[in-house]
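Below, each chain spelled out in residue letters.
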Amino acid sequence: MRVLNFGSLNIDYVYPVDHIIIPGETEPTGEVTTNCGGKGLNQSIALAKAGVEVYHAGLIGEEGQLLADKLAENGVDTSHVRCIPGRSGHTIIQVDKNGQNSILLFGGANRKLTHDIIDETLSDFGEGDILLLQNEVNLLDVIIDKAFEARMKIILNPSPYDTAIQKCDLSKVSVFILNEIEGEQMTGQKEPDKILNAIKKSYPETETVLTLGSAGAVYQNREERHSCGICRVKPVDTTAAGDTFTGYFISAMIDALSPEEGLKLASKASAIAVTRNGAADSIPEREEVLGSGLDPEPMRLL
Ligand code: RIB
């Protein structure tokens, strides 16, 4: 099964800081590093490292060739990545001494998709293919409508959550993968149980994976729920942990693993990612995940 990931590609400028800066404060940083990232790029690389056939579609600016090269080096098809005039997407990321981050996002080329580009890209895909989306590109609602017409299976990571998501017909989405903050923004509910109930009420046919940070993750479909705790590791940098989880969970779906097995695989992969600096480069290969000896803690079912 092929996955088309229509998503962002960002140059991440990462600054180690003592603590995440507060309004009005000036804080010196450690050495800046330049990494390949973007939720789209990270998720494509996670999928490829997990063994999935993945095609990335998106836009880079004049200084963004390193992003396409990074995808290609990792086995992602880049024939639908286009270079346009102007700047690539980029981020300014603060990472504090506990590995926690805070991200400023400049959309750049990521936000210059057109109807023609979407049509041309989707014309190479159809029934039996998966479309993966996040919310760092423009025209998300249009991509969802056209992919649904083309009978693709749509998986949405509504991150970051904003009004662009509210414009989308989410009943066309087959799987949501989101964290509890996005879950609250989407449903108005704070408790994981209530978030999941609200999603099921609005979208009864949609499968949902709700990640809960250090508490683990929960999978839900119409009939059942399964949960999984995290693997205890010492975090260095949490950037791309969620993207790693997403890529590995989708790979498990494609391999027809059970939801419990999918949650465990994704939990192990993201635990490894948080022990390393950077975004795309922190994502482990499948063999490393399988041979890691990591074992997620059980989580009480919600
Ligand atoms: O999910 C992590 C990613 O979010 C970073 O690589 C950064 O580019 C932002 O888009």
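Refer to the structure above for everything that follows.
Bear in mind the structure is a predicted one, so any value in this text is a computation, not a measurement.

What counts and how
- Residues numbered from 1 in each chain as written.
- Predicted model: local features only at pLDDT ≥ 70, side-chain atom pairs only at ≥ 80, totals over all residues.
- Heavy atoms only, no water.
- Phe/Tyr/Trp six-rings, centres within 6.5 Å; stacked < 30°, edge-to-face > 60°.
- Helix = DSSP H or I, 4+ residues; strand = E, 2+ residues; numbered from the N terminus.
- Buried < 20%, exposed > 50% of the residue type's maximum accessible area, 1.4 Å probe, protein only.
- Lys NZ or Arg CZ within 6 Å of the ring centre and 35° of its normal.
- Arc of directions from axis to C-beta.
- Contact = heavy atoms within 4.5 Å.
- Near = heavy atom within 4 Å.
- Polar contact = N/O pair within 3.5 Å; in protein donor to acceptor, adjacent residues only side chain to side chain.
- Areas by Shrake-Rupley, 256 points an atom, 1.4 Å probe, with all protein chains shown as cover.
- Nonpolar A, V, L, I, M, F, W, Y, C, P; charged D, E, K, R; others polar.
- Core = buried A, V, L, I, M, F, W, Y, C linked by side-chain atoms within 4.5 Å.

(A) Just the packing of aromatic side chains, in detail. Evaluation of the coordinates by the stated rule reveals four aromatic pairs. Ring centres of Phe 176 and Tyr 203 lie 5.4 Å apart, and the angle between their planes is 70 degrees; this geometry places the pair in the edge-to-face category. You can see Phe 176 sitting in strand β10 (residues 175-179) and its partner Tyr 203 sitting in the loop between α7 (192-202) and β11 (207-211), a full 27 residues away along the chain. On the accessibility criterion, Phe 176 (0% relative accessible area) is buried. Feature note: the residues Tyr 219, Phe 245 and Phe 249 constitute an aromatic cluster, connected by ring pairs. Its guanidinium or amino end placed over the ring of Tyr 55, Arg 2 lies 5.3 Å from that ring's centre, counting from NZ or CZ.

(B) Just helix α3 (residues 115-122), in detail. Within the sequence span of α3, burial applies to Ile 117, Ile 118, Thr 121 and Leu 122. Mapping the buried residues of α3 onto a view down its axis gives an arc of 120 degrees, with all of them on the same face. Contacts from the buried residues of α3 go to β1 (2-6), β4 (53-60), β5 (77-83) and α4 (140-149).

(C) Fine view of the site of the ligand. Surrounding the ligand, one finds 13 residues, the nearest of these being Asp 12, Gly 38, Lys 39, Glu 136 and Asp 243. A distance of 2.9 Å is found between an oxygen atom of the ligand and a side-chain nitrogen or oxygen belonging to Lys 39. Take Asp 243: an N or O atom from its side chain is 2.7 Å from an oxygen atom of the ligand. Here the ligand has 280 Å² of accessible area as a free molecule, and 95% of this is covered by the chains. The set of elements that each furnish at least two residues to the shell around the ligand consists of β2 (10-16) and α1 (39-49). Residues that form the shell around the ligand fall into these classes: three nonpolar, six polar and four charged.

(D) A look at the environment of Gly 128. Here Gly 128 is to be found in the loop between α3 and β8 (130-133). Considering only alpha carbons, one finds Gly 128 and Ser 79, 49 residues apart in sequence, at a separation of 20 Å. Those residues in contact with Gly 128 that lie beyond four places of it in its chain are Met 1 and Arg 151.

(E) Broad picture of the nonpolar core. Ranked by internal contacts, the top residues of the largest apolar core, which has 40 residues, are Leu 41, Tyr 248, Phe 249 and Leu 263. Where this core is concerned, the elements lending two or more residues are α1, β4, α2 (65-73), β8, β10, β12 (217-220), α8 (241-254) and α9 (259-274). Discounting residues that sit within four places of it in the chain, Phe 249 has contacts with Ile 177, Val 209, Tyr 219, Pro 259, Gly 262, Leu 263 and Ala 266. Listed in part, the 38 residues of the second largest apolar core include Leu 156, Ile 195, Ile 199 and Met 299.

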